[in-house]
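# Structural overview for review
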Number of protein chains: 2
Amino acid sequence: MTRQEPADTPLGDDFHLYDTTLRDGAQREGITYSVADKLAVARLLDELGVGFIEGGWPGALPKDTEFFAKAAAGELQLKHAALVAFGSTRKANTTADQDKQVRALLDSQAPVITLVAKSDLRHIERALRVDVDEACEMVRDTVSFLVAEGRRVFVDLEHFFDGYEFSPETSYRVLDAAASGGADVMVLCDTNGGQLPLGLAETVRTIKDKTGFRLGIHCQDDTSCAVANSIAAVQAGATHVQCTANGYGERAGNADLFAVTGNLVAKLGMEVLPTGRAAELTRVSHALAEIANLAPDTHQAYVGSSAFAHKAGLHASAIKVDPLLYNHIDPASVGNDMRVLVTEMAGRASLELKGRELGVDLAGQPEALTRSVRKVKLLESEGWSFEAADASLELLLHREIGSDFLDEPPFVLESYRVVMDHRADGEVVSEATVRVHVGDQRVIATAEGTGPVHALDAALREALTPHLPWLDTVELADYKVRILPGHPGTDAVTRVLVETTDGHTEWTTVGVHGNIVEASWLALCDALVHKAATVRESLVTK
Amino acid sequence: MTRQEPADTPLGDDFHLYDTTLRDGAQREGITYSVADKLAVARLLDELGVGFIEGGWPGALPKDTEFFAKAAAGELQLKHAALVAFGSTRKANTTADQDKQVRALLDSQAPVITLVAKSDLRHIERALRVDVDEACEMVRDTVSFLVAEGRRVFVDLEHFFDGYEFSPETSYRVLDAAASGGADVMVLCDTNGGQLPLGLAETVRTIKDKTGFRLGIHCQDDTSCAVANSIAAVQAGATHVQCTANGYGERAGNADLFAVTGNLVAKLGMEVLPTGRAAELTRVSHALAEIANLAPDTHQAYVGSSAFAHKAGLHASAIKVDPLLYNHIDPASVGNDMRVLVTEMAGRASLELKGRELGVDLAGQPEALTRSVRKVKLLESEGWSFEAADASLELLLHREIGSDFLDEPPFVLESYRVVMDHRADGEVVSEATVRVHVGDQRVIATAEGTGPVHALDAALREALTPHLPWLDTVELADYKVRILPGHPGTDAVTRVLVETTDGHTEWTTVGVHGNIVEASWLALCDALVHKAATVRESLVTK
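Because the structure is predicted, anything quoted here is derived from the model rather than measured. (Residues numbered from 1 in each chain as written. Chains lettered and ligands numbered in written order. Predicted model: local features only at pLDDT ≥ 70, side-chain atom pairs only at ≥ 80, totals over all residues. Heavy atoms only, no water.)

All right, on to the overall build of chain A then. For chain A, the helix and strand inventory stands at 17 helices and 14 strands. For chain A, the spread of C-alpha atoms along the three principal axes comes to 80 × 65 × 45 Å. Pairs at least 24 apart in sequence give 67% of the contacts found in chain A among residues at least 6 apart. If you average the places of the 50 positive and of the 79 negative side-chain charges in chain A, the two averages end up 2 Å apart. (Helix = DSSP H or I, 4+ residues; strand = E, 2+ residues; numbered from the N terminus. Contact = heavy atoms within 4.5 Å. Lys, Arg positive; Asp, Glu negative; His and termini not counted. Charge placed at Lys NZ, Arg CZ, Asp CG, Glu CD.)

Here strand S9 (residues 412-422) of chain A runs beside strand S11 (residues 412-422) of chain B; their pairing, made up of seven bridges, is antiparallel. Opposite A:Asp421, over in S11(B), you have B:Arg417 as the bridge partner. In terms of strand pairing, S11(B) meets strand S12 (residues 428-438) of chain B through 10 bridges, oriented antiparallel. Bridged to B:Asp421 within S12(B) is B:Val429. The antiparallel pairing of S11(B) with S12(B) creates a hairpin that spans five residues between the two strands, and B:Gly426 there sits at a positive phi of about 95°. (Pairing = 2+ DSSP bridges.)

Counting 211 residues, the largest nonpolar core has A:Leu264 and B:Leu264 as its most contacted members. Not counting residues up to four positions away in its chain, the partners in contact with B:Leu264 are B:Phe15, B:Leu17, B:Ile231, B:Val234, B:Val241, B:Gly269, B:Met270 and B:Val272. Core analysis: the next-biggest nonpolar cluster, separate from the first, contains 78 residues, A:Ala432, B:Ala445, B:Leu476 and B:Val517 among them. (Core = buried A, V, L, I, M, F, W, Y, C linked by side-chain atoms within 4.5 Å. Buried < 20%, exposed > 50% of the residue type's maximum accessible area, 1.4 Å probe, protein only.)

What follows deals with the sheet that holds strand S3 (residues 82-88) of chain A. Residue and element names in this part refer to chain A. The eight strands lie next to each other as S1-S2-S3-S4-S5-S6-S7-S8, forming a closed barrel whose pairing is parallel. The sheet shows a mean angle of 25° between the axes of neighbouring strands, direction not considered. Pairing between strand S7 (residues 215-219) and strand S8 (residues 240-243): two bridges, direction parallel. Looking at the pairing, histidine 218 lines up with glutamine 242 of S8. (Axes fitted to C-alpha atoms, helices over the stretch in contact; angles between N-to-C directions.)

Take the confidence of the model for chain A next. All names here are of chain A. Per-chain confidence: chain A averages 89 in pLDDT, with 93% of residues scoring 70 or above. Here residues 340-346 is modelled with pLDDT under 50, and outside its nearest four sequence neighbours on either side it reaches 12 contacts, counting other chains as well. Scored below 50 in pLDDT, residues 486-490 shows 12 contacts in the model against residues more than four places distant or in partner chains. Here the predicted complex scores 0.74 on pTM and 0.74 on ipTM. (pLDDT = per-residue confidence, 0-100.)

Right, let's get into the interface of chain B and chain A. Interface size, as often reported, equals the accessible area lost upon joining of the parts. Tallying the contact residues gives 105 residues for chain B and 102 residues for chain A. Summed over both sides, the interface of chain B with chain A buries roughly 8,200 Å², with 56% coming from carbon and sulfur. Our count for the contact surface shared by chain B and chain A stands at two salt bridges. A salt bridge links B:Arg417 to A:Asp421; its shortest N-O distance comes to 2.7 Å. Joining chain B to chain A, the criterion identifies 25 residue pairs in polar contact (both at pLDDT 80 or more). Per element, the largest residue contribution to the side of chain B that touches chain A is 10 residues, and it comes from S11(B). Per-class residue counts for the side of chain B that touches chain A are 47 nonpolar, 31 polar and 27 charged. (Buried area = accessible area lost by both parts, 1.4 Å probe. Salt bridge = Lys/Arg side-chain N within 4 Å of Asp/Glu carboxyl O. Polar contact = N/O pair within 3.5 Å; in protein donor to acceptor, adjacent residues only side chain to side chain. Nonpolar A, V, L, I, M, F, W, Y, C, P; charged D, E, K, R; others polar.)

Under the defined criterion, the tally for this structure stands at 22 aromatic pairs over all chains. Their ring planes at 80° and their centres at 5.2 Å tell us that A:Phe52 and A:Phe154 sit as a pair that is edge-to-face. Residue A:Phe52 is located in strand S2 (residues 52-56), and its partner A:Phe154 is located in strand S5 (residues 152-158); the two are separated by 102 residues in the primary sequence. For A:Phe52, a relative accessible area of 0% gives the class buried. Owing to a relative accessible area of 0%, A:Phe154 belongs among the buried residues under this scheme. Here A:Trp384 and A:Phe386 contribute two aromatic rings whose centre-to-centre distance is 6.2 Å and whose plane-to-plane angle is 20°, an arrangement assigned as stacked. Both residues of the pair, A:Trp384 and A:Phe386, belong to the buried class. Feature note: the residues A:Phe160, A:Phe161, A:Tyr164 and A:Tyr172 constitute an aromatic cluster, connected by ring pairs. Above the face of the B:Phe166 ring, B:Arg122 is positioned so that its terminal group lies 4.3 Å from the ring centre. (Phe/Tyr/Trp six-rings, centres within 6.5 Å; stacked < 30°, edge-to-face > 60°. Lys NZ or Arg CZ within 6 Å of the ring centre and 35° of its normal.)

Unusually for a residue other than glycine, A:Asn293 sits at a positive phi of about 60°. The buried category is assigned to A:Asn293, whose relative accessible area is 15%. In this structure, B:Tyr302 takes a positive phi of about 65° despite not being glycine. You can see B:Tyr302 is positioned in the loop between helix H11 (281-292) and strand S9 (309-311). Since its relative accessible area comes to 1%, B:Tyr302 is described here as buried.

Turning to helix H11 (residues 281-292) of chain A, a few remarks are in order. In this model H11(A) runs 16 Å from its N-terminal to its C-terminal C-alpha over 12 residues, within 8% of the 16 Å that 1.5 Å per residue would give. Counting buried positions along H11(A) gives 11 out of 12 residues, so the element sits mostly inside the fold. Looking only at H11(A), the buried set comprises A:Leu281, A:Thr282, A:Val284, A:Ser285, A:His286, A:Ala287, A:Leu288, A:Ala289, A:Glu290, A:Ile291 and A:Ala292. On its buried face, H11(A) is in contact with helix H1 (35-48), helix H10 (257-267), strand S12 (475-483) and strand S13 (494-501) of chain A together with strand S14 (475-483) of chain B. (Expected span 1.5 Å × (residues − 1).)

Moving on to the side chain of B:Asp120. Its location among the elements puts B:Asp120 in the loop between strand S4 (112-118) and helix H4 (121-128). Residue classification places B:Asp120 among the buried residues on the basis of a relative accessible area of 1%.

All names here are of chain B. Counting through the fold element by element, asparagine 229 comes out in helix H9 (residues 226-235). At a separation of 3.1 Å, a polar atom in the side chain of asparagine 229 contacts the main-chain carbonyl oxygen of glutamine 195. Sequence-distant contacts of asparagine 229, that is, excluding residues within four places in its chain, are made with Asp190, Gln195, Leu196, Pro197, Leu200, Cys219 and Thr223.

Residues and elements named next belong to chain B. Strand order in this open sheet of three strands is S14-S15-S16, and the pairing throughout is antiparallel. A single partner strand is all that each edge strand has here, and the edge strands are S14 and strand S16 (506-513). Along the sheet, successive strands turn relative to each other by an average axial angle of 15°, direction set aside.

We now examine the domain arrangement of chain A. All names here are of chain A. In terms of domain boundaries, chain A breaks down into domain 1 (16-292), domain 2 (309-398), domain 3 (411-467) and domain 4 (476-542). Just the C-alpha atoms count here: the centres of domain 1 and domain 2 sit 37 Å apart. Listed per partner, the contact involves eight residues of domain 1 and nine residues of domain 2. For the pair domain 1 and domain 2, the summed buried area comes to about 670 Å², and 51% of that belongs to carbon and sulfur atoms. (Domains from an automatic or database assignment.)

Under the local residue numbering, the UniProt record ascribes the feature "domain: Pyruvate carboxyltransferase" (unreviewed entry) to residues 15-283 of chain A. In residues 15-283 of chain A, helix accounts for 45% and strand for 17%; the two terminal C-alpha atoms are 23 Å from one another. (UniProt positions renumbered as here; feature names shortened; annotations may be inferred.)

A few words on the state of the cysteines. Counted by the stated rule, this structure contains zero disulfides over all chains. Summary of cysteine pairing: A:Cys243 is not part of a disulfide, and the nearest cysteine sulfur, belonging to A:Cys219, is at 8.7 Å. The class of A:Cys243 is buried, set by a relative accessible area of 0%. Here B:Cys136 is not cross-linked by a disulfide; its sulfur's nearest cysteine counterpart is in B:Cys189, at 16 Å. (Disulfide = S-S within 2.5 Å.)

In structure tokens, the structure reads:
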């Protein structure tokens, strides 16, 4: 059994930063994570240093079952977080050990299990259709069975606050059932999201005083108070807080992990992350938006690109003298920047730092650094984004410092043509022809594909594989398309992110163009140029 | 002098719902209101029934000066709200009656004036560069001058909470200066937005107890708590709350007028709007987003299109029986709707519910319902998703019940061809040719575009516009592409969502195919078929 507690956070097990992006966050309209996405999300959350990562509902959703199987097989090595499986208490009128869904939770091999339990009398009677005795027994029996099997168990008390208002007695009975079964944390859930902070804090304090149980909090954002409610609950005695990345979730969403963490660290002085990790909040937030294929919210607290942007006007000089008089925290503490001061110096510093991370030393080359900063700014104004495309940024920096391996590109494009026919018989076919130069040879190749980009990729492989033997091991691992906002209609700028793998490592490249096929082409080319460079050991893949 | 109090709200002057979209909201990156926009915003806010509308800073910004001149000339007839001009206290070492900026406030003829005053010792000393005596005199003198001229005066105490923590004595002195000058409301501003609700409520209560002054609250969203802080302040004794539409504002933004109002009305039972007007919240929110030229936030509390959207699945039957068990309020009370998202887990109950929402009655047609469920499940297994594509789902249901308007499609495709060239000179060009039948004519048209989909759309318009006059008003409002997970690499299934508008309503359609161009084509076709049906009044656009 793997770890059941957070590792390396100053607060240890005394406080739980608990993420449910992969389960409750996935309820957001429009989000569909693949198993590969889920693994990538879990790795990023672990890098940030959250204490618990809820991976999904094994047994209920095939993709979640597969995710836990891969994790158990060693594909997910968590350094900081404990992995959690979510599930329901057993069905009525059976026993936990005979309930298929409960069995699936054990089979997932997750060391920690969060069970959802109904605690609102109306839901018990109208949706569950059992009496309170049986509802409590379902909770107690399931918890104690899983605890006996060596699992750490948390219980999410669904609709807790509405239920407490309607029938406090029922709430206390379900709380007792969970605790007597051996649950570690009773998580009070504002499932319909209707709470406000002052009232919620009072309820949490009352429950804490009356029961002495370890309490958690789970808030939805239907009053636009999910973050505030989560913080108020912590101030009232909760020591476990459930969030989702960027507040993704059903309806108005959940409590945003980044704002909650920012507030806990910067406002309450609680060291809920491993030392130094708060500075990763902005980067991780944006990377998780990329994986969800959603544009980052530019006005998000703490991590939005506008969170510290000042239309300075009146106050420009005052801000320059004393920036902290105009910001509620130092933006760098959460990995963000104050935009009014994003001068070339600030841009230089971060690009130099990033270059060092990518193995490109710009410290001694001020002119190359200046050119790089200018180039990145220009490209970003055209819609490029290097946040999730390290390999493309690495190539850009090498181009600016004039690294000589770029003198020998693996191939040079002359031209390509893609033809796409929807025929009168209904068949849709795509065909691409590329004309490239490899070494001193000119090669022409044609291939078909399911779509224009696939056909183009196939034709390029057809042309290059005889000359570049390593190409056989290289394949596309992921392909994402984003139509950039501010350009409505199909006449828009398209950004393509391509993740490529050679079976050992992955690297991500980006292409931007008004034409999606050309944008894809640019990203594909960068991916191959990057690989060719690593083959010559000039670069290290990331 | 026009009205200085809100009209027609049950709470009258006892509570102030105060909007500063036109001044503080305009600080949001990317918002630029014309004078006509400002008048339109003010009219919408007045229709909603807010008590005060802050129109801008006359004398400081030419557009604001012009706005107030037009209002004074009778172009803005407010039924409910009092109009407010914003400005600063007089400069140091002069008198209010000789200060040009103060004179401009009088000249604006606004009946109510909100003055911003520094109340944080550090800002007084470092930014204003005067001592506390002079800072207080600047406030007192300016307020009393304007009051003597017949204006009602509110004072925004900038950086109040940070200043109170640093030097409470200074805060009290400035508060006293404002009150002794004759100000009606002392507005405590969390200018840097760093507060949390429990602490903020305690401060507001202390100030209220010590001074007895009428207090207001103005919150920024830097901790993601602006709405919660505003509500907590009201619960602690503030009777004046400053908001902006949709939370527009500098950095992370301001307290959102719609969430604050929703909470005051639905949670605290305060009648802050004229009777019945809460049902306008959703409409006004979306209209104000339009004027700001920003996409509405689909996940915004109370008013977002997803605010009451449920991925039904497991709970569909329970939701059908008792929707209020799954919503924190009745969505209709704020002019919103409950939406059931048709997802993989959807069954008969949720599809029937969804049909009713779309005006397709499946209750009496069990066989059509069975066919529809089977069709939706099949399509979803192939990567289709109707969550965000109501118009396509509506057409699907009409096809299954055999609605006869589908017998006359607006056009029938014979074939199309798209050619995309990346030429040897580096230029990238796209060209599309469509062959369609319109009525009994066969039409062939060719067009170029920035990309393959754009070219195809242009060619289709070229072919159809002479035959379908309504096509002129129809345009693409948004275009989204998603490469579906589980199909890595470019050989993937692509899902395209197209939002189309005719200037009055929007509708969204979906297309899925291995080929992105064909997927786009399918969504484009559904969009036109849907429009054609509404033109024949067979359907109502959503």
